[in-house]
Amino acid sequence: MATLLLFAQTPRTEQLIVDWEFRRDHAAEATEGWQRVTVPHDWAIYGPFSRENDLQTVAVVQNGETVATEKTGRTGGLPYVGKGCYRTTVAVDKKSDARYRLLFDGAMSEAQIFVNGQQVCFWPYGYNSFSCDVTESLRAGENEVVVLLENRPQSSRWYPGAGLYRKVRLLTLPAVHVPVWGTQITTPYVGEDYASVTLKTEIEGLAEKSAITLRTVIRNAEGRKVAVKCDTRKLYYGMPFEQHLTIDRPALWSPEEPNLYTATTTLISEGVEVDHYTTRFGVRTIELRADKGFFLNGKLRNIKGVCLHHDLGPLGAAVNKAAIRRQLTLLKEMGCDAIRTAHNMPAEELVELCDEMGFMMQLEPFDEWDVAKCENGYHRYFEEWAEKDMVNMLRHYRNNASVVMWSVGNEVPTQWKESGYRVARWLQDICHREDPTRPVTCGMDQFPTVLENGFAAQFDIAGFNYRVHFYEQGYKTLPQNLILGSETTSTVSSRGVYHFPAEPLKGAIHPDHHSTSYDLECCWWSNLPDEDFAANEDYPWLIGQFVWTGFDYLGEPSPYDTDAWPNHSSMFGIIDLASIPKDRYWLYRSIWNTEAETLHILPHWNWLGREGEITPIFVYTSYPEAELFINGKSQGRRAKSKASNIERYRLMWNEVRYEPGEVRVVAYDKEGKVAAEKRMVTAGKGYQLRIEADRTLLDASGEDLAYLTVSVVDRAGNPVPTESREVRVEVEGAGAFRAMANGDPTSLELFHENAMHLFSGKLTAIVQSADEAGEITVTVRAKGLKPATLTLQTK
C-alpha cells in the first residue's frame, strides 16, 4: 500500500525584486528626489566622466613605485565614490510556519539592510553574495526594504561599479528547509561504467534527533531519471544528511561536452513533503600530477584561460546574462577554455553560463588581505570578514562543474611578510575544509621572495603572475613541481591603431595616448604573448595560463595611468570595451582554436601619406607558412620558425613599403599545398553605414540583448578603417536602445547616449528587448553617409 504524502502549506518560493527607487545619499526618509530604477543597477556608469572623480596621488607599491604620483582614470573616471540609497515595497502573505530571507548576489558596498525600519544585516564586501534572515522584521502586507550603500575614496584599483548591481531575491522557506547553498555534491569515484555521487544536505528547523526522510532524484540534461534514493534517519545538531547514489555510464563534463545533471531533493517530515531543493552539478575528475600537469577526466590538458573583470563595458557592473553570454561566445570562438574571476567573487550568471557553455573556472575572492593596497580597501575588514566571505563563495559555487580551482588572492602585499605564509595556509585550509575536492592557488608576483619565505610552497599549485623567466626556478625549487601562469602577458593595444616603426616596446607612451595594434607593446612588468605560448609548449609541468585580460575593462589604463587623462579604461584586452576583437584575438585564435582555420592580416591598408614608407605586414594564421602579395607582386614566402618566440607564432614581412591597392595572402598547409587565401584592399571614401548583429532573434524577456557592430563601407562595400564620424542610433518597436561603446580608451562620450563617434571605423550599439513579442527596427545615421536599417525579432 502506497504512503499518502500531504504537501506543506508554505512551499519554497523565490521572488525577484527588480523595481526600486534610488537616490545619491542616505536620506531614506526623503519624500522627493527619488529616481525609479531596475535592479541590477549601477549608479555610476551613467557618468559623467571626469579626471576628478577618481584622482589619486599614490605610489603603487605592487608595481615597484616608491614615490607618489597623480594617478588618473584608475577607477574609470566615473562617479562611483559616495553614498546611495535604494528602497522598495514588498508585499508578503506572511505565514507563521515560514522563514523569510533576503538574498543579495552583490551590493557595492558596505551594505546596510533595513526592513520596516529595523536593521537586519550589514555586509561590507561589495563582491560577495549574502543573505539576511528577515522573518522577525516582516509583517503581513506591505513591507519597506531599504538598502544603504557607500563606496569610499581609494577603495579600489579598478572600476568596481556602484549600487545593487546584481540580483536581489526574497526567499520564502518552509519551517523545515534546506538553507541557502545548503547542499554539497561530490563524486568520489568516476569511471566509464559508473559514477558514485555523494550528496550532503543541511537541514534547518528540524528538532534535534527527529527523523526525516530525504528522497533525491538525479536527472540528466534531457530530464531522464538516472538515479533515485530515499533514506530516513535521525539527525543530530549540525549533522548533514548524507546520501549515496550511483549514475551508470555517466556523461562527463568538459569544455567540449559540458554535460550537466540535477539532483532534486524532497524533504519529508511525518508524511508531509516540506521542502524541495534542486542542485545542478557535473561529473568530472580533476588531478594535478607532479611534473606532468593538469588532468581533466584523466586526460592531460593545458589551460587556455583569460582573466575577466566583472564590468560589462558600456553596461557597467550591472549584471546582464545576455551580455555575459556574448563575452563567452567570443572567447569560445577564440579557443579559450577557462576563466579566472579577477579579482573578486563572480556573478552567479557567469558561473551558470560557464557550466553550460563549457569553461573551466578559477574563482578568486580578494585583491588584498591584511596589508593594504588601497587606503580604504578590503584590509579594513579582512580579520573579521575574510572567513565569512570565503565560506559564502565556497558554498555558493562548490557544486558547479565549471569550477576546477580556487584562488585565495592576487598579488597580495602579505606575500612579502615573514609571517605571510601563515595567512596563506589559513585561507587554503578554509578552502579544503569547505571543499576538499579542488586545488587552491594564489596569484603571486614577488620573486624570488615567495620562493624563499615559504609563501609559494603553501599552495596546492603555485600561481605565478607574469614571471615567465622564473618558471623554471619555481619548478625546481617548490615542492609541487607544477606551475600555473595565473596571470600572463599584459600586452596592451588599441584596436585599429598602429605605430611606426613596428618594434617591441615596454611601457611605451605615445602622443596619441594609444598602444600599437601590432601587438608589440607591453607594460614594464610583463611580456608579449609569444613568450607564454612558447613556455606552455615547452614545459610539461606548466599547466596553462590566464591571460590578462580577455576584455578591456573600466579603469587601470596602463601605461597611461600617471597624469595621462583622458585615458580611463584598460588596453590589456584581447577584445575591446565595445566587444569588438582586436588583432590580438586572431593571434590567440591561431594557437588555441585547433578546430577552425585562422588567417588574419594586419594592419589595415589605408595609409594616405605613407606611400613608399616601410609599413610591416603581420599574418596570424593556424597554417605554418604563407606568401604575401602587394598588387599582385610577391613579397616572399614566410614560414614559422623557432629562431625567436615571435617568429614561432607570427608571419612577418617587416620591409614592406606601402602602396595603395590590394594585399593578398596565400596560406600553405604542412604538405606545402595551398590551404587558404585572404585579401584586403585600400578602401575609398565612406559611402554608407553597415549594421551587423550578433543575433537577430531575441527573447521577449525585457532583458535580452543584441550587439550591433556599426561600420562604414565605400561604394564597393569595402570597410573604411579610418572613419571617425559621429553615428546616431534610433530604435523603434519591441525593444529599446541600451548603450553604445566604440572601444576608444580615451573617449569621454557617455555610454547611455544614442550618439557616439566611430573609433577605427567601428562602434557597437546594444539593443534590449521588451517584454512582448514583435519587431525591433534599428536605424543608424551619420552626416554624409547613407543610413542603414536592420530588423530584429523578439518572441
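Calculation rules
- Residues numbered from 1 in each chain as written.
- Predicted model: local features only at pLDDT ≥ 70, side-chain atom pairs only at ≥ 80, totals over all residues.
- Heavy atoms only, no water.
- Salt bridge = Lys/Arg side-chain N within 4 Å of Asp/Glu carboxyl O.
- Helix = DSSP H or I, 4+ residues; strand = E, 2+ residues; numbered from the N terminus.
- Buried < 20%, exposed > 50% of the residue type's maximum accessible area, 1.4 Å probe, protein only.
- Pairing = 2+ DSSP bridges.
- Axes fitted to C-alpha atoms, helices over the stretch in contact; angles between N-to-C directions.
- pLDDT = per-residue confidence, 0-100.
- Contact = heavy atoms within 4.5 Å.
- Expected span 1.5 Å × (residues − 1).
- 1 Å grid on protein atoms, 1.4 Å probe; cavity = no way out; pocket = protein on both sides within 12 Å on 5 of 7 lines; lining within 4 Å.
- Points joined across faces, edges and corners; volume = space filled by probe spheres on them.
- Nonpolar A, V, L, I, M, F, W, Y, C, P; charged D, E, K, R; others polar.
- Disulfide = S-S within 2.5 Å.
- Phe/Tyr/Trp six-rings, centres within 6.5 Å; stacked < 30°, edge-to-face > 60°.

Trainee: How would you sum up the pattern of salt bridges? Please name residues and give values.
Mentor: What the rule picks out here adds up to 50 salt bridges. Lysine 167 serves as the salt-bridge partner of glutamate 349, at 2.9 Å between the closest nitrogen and oxygen. Of this pair, glutamate 349 sits in helix α2 (residues 348-357) while lysine 167 sits in the loop between β12 (141-151) and β13 (168-174), placing them 182 residues apart in sequence. With respect to class, glutamate 349 is no different from lysine 167; both count as buried. Here glutamate 434 makes a salt bridge to arginine 433, at a shortest N to O gap of 3.0 Å. The class for arginine 433 is partly exposed, based on a relative accessible area of 47%. Taken together, the shared-partner salt bridges connect Glu14, Asp105, Lys167, Arg169, Glu348 and Glu349 into one network.

Trainee: Which residues make up the sheet that holds strand β2 (residues 13-16), and what values do they have?
Mentor: In a beta sheet, neighbouring strands pair by backbone hydrogen bonds and run either parallel or antiparallel. Spatial ordering of the open sheet is given by β2-β13-β8-β11, a layout of 4 strands whose pairing is antiparallel. The open sheet has two edge strands with one neighbour each: β2 and β11 (130-133). Sheet twist, expressed as the average angle between the axes of neighbouring strands with direction ignored, equals 25 degrees. As paired strands, β2 and β13 are joined by 4 bridges and run antiparallel to one another.

Trainee: Explain the confidence of the model for the chain residue by residue, including any values.
Mentor: Taken residue by residue, the chain gives an average pLDDT of 96. The fraction at 70 or more is 99%. Below a pLDDT of 50 lies the segment residues 1-8, which in the model reaches 12 contacts outside its immediate sequence neighbourhood of four places, other chains included.

Trainee: Any details on the sheet that holds strand β35 (residues 617-621)? Residues and values, ideally.
Mentor: Here we have 3 strands laid out as an open sheet, ordered β34-β35-β38, and antiparallel in their pairing. Of all the strands in the sheet, just β34 (599-602) and β38 (651-653) have a single pairing partner and so form its edges. In this sheet, adjacent strand axes meet at a mean angle of 15 degrees when their direction is disregarded. Pairing analysis gives 3 bridges linking β35 to β38, with the strands arranged antiparallel. Residue pairing in the sheet places phenylalanine 618 in a bridge with methionine 652 of β38.

Trainee: Before we move on, could you go through helix α3 (residues 382-397) and cite the residues and values that matter?
Mentor: Here α3 spans 21 Å end to end across 16 residues, near enough to the 22 Å set by a 1.5 Å rise per residue. Taken together, the buried positions of α3 are occupied by Phe382, Trp385, Ala386, Asp389, Met390, Val391, Asn392, Met393, Leu394, His396 and Tyr397. Of the surrounding elements, those touching the buried residues of α3 are β10 (118-123), β11, α2, β26 (360-363), β27 (403-410) and α4 (420-434).

Trainee: Account for the layout of surface pockets, with residues named and values stated.
Mentor: Of the pockets and cavities examined, the largest pocket occupies roughly 1300 Å³. The wall of the largest pocket is formed by 45 residues, among which Pro581, Trp586, His600, Pro719 and Lys762 lie closest to the centre. Secondary structure elements with two or more residues in the lining of the largest pocket: α1 (321-334), α8 (583-592), β34, β40 (674-681), β41 (688-693), β43 (705-713) and β47 (762-769). In terms of residue class, the lining of the largest pocket is made up of 20 nonpolar, 12 polar and 13 charged. Its boundaries defined by the atoms lining it, the second largest pocket holds a volume of some 870 Å³. Together, 35 residues line the second largest pocket, and Val319, Asn320, Glu703, Arg738 and Gln768 are the ones closest to its centre. If you list the elements that add at least two residues to the lining of the second largest pocket, you get β4 (35-38), α1 and β45 (735-741). It is β4 that provides the largest number of residues to the lining of the second largest pocket, a total of 4 residues. By residue class, the composition of the lining of the second largest pocket is 16 nonpolar, 8 polar and 11 charged.

Trainee: Residues and numbers for the state of the cysteines, please.
Mentor: Here, disulfide denotes a covalent bond that connects the sulfur atoms of two cysteines. Under the defined criterion, the tally for this structure stands at 0 disulfides. Cysteine cysteine 442 is unpaired, with the sulfur of cysteine 431 as its nearest cysteine sulfur at 10 Å. With no disulfide of its own, cysteine 522 has cysteine 523 as its nearest cysteine by sulfur position, at a separation of 7.0 Å. Residue classification places cysteine 522 among the buried positions, given a relative accessible area of 3%.

Trainee: Got a sec to walk through the packing of aromatic side chains? Specific residues and values, please.
Mentor: Inspection of every chain in the model, using the stated rule, returns 40 aromatic pairs. Ring centres of phenylalanine 366 and tyrosine 378 lie 4.8 Å apart, and the angle between their planes is 20 degrees; on these two criteria the pair is classed as stacked. Note that phenylalanine 366 is positioned in the loop between β26 and α3 and tyrosine 378 in the loop between β26 and α3, a separation of 12 residues in sequence. For the pair phenylalanine 366 and tyrosine 378, one class covers both residues: buried.

Trainee: Help me get a handle on helix α7 (residues 529-538), residues and values and all.
Mentor: When you tally the buried positions in α7, you get 7 out of 10 residues, the bulk of the element. For α7, the full list of buried residues reads Pro529, Asp530, Asp532, Phe533, Ala534, Ala535 and Asn536. On its buried face, α7 sits against α6 (471-477), β30 (483-489), β33 (542-548), α8 and α9 (645-649).

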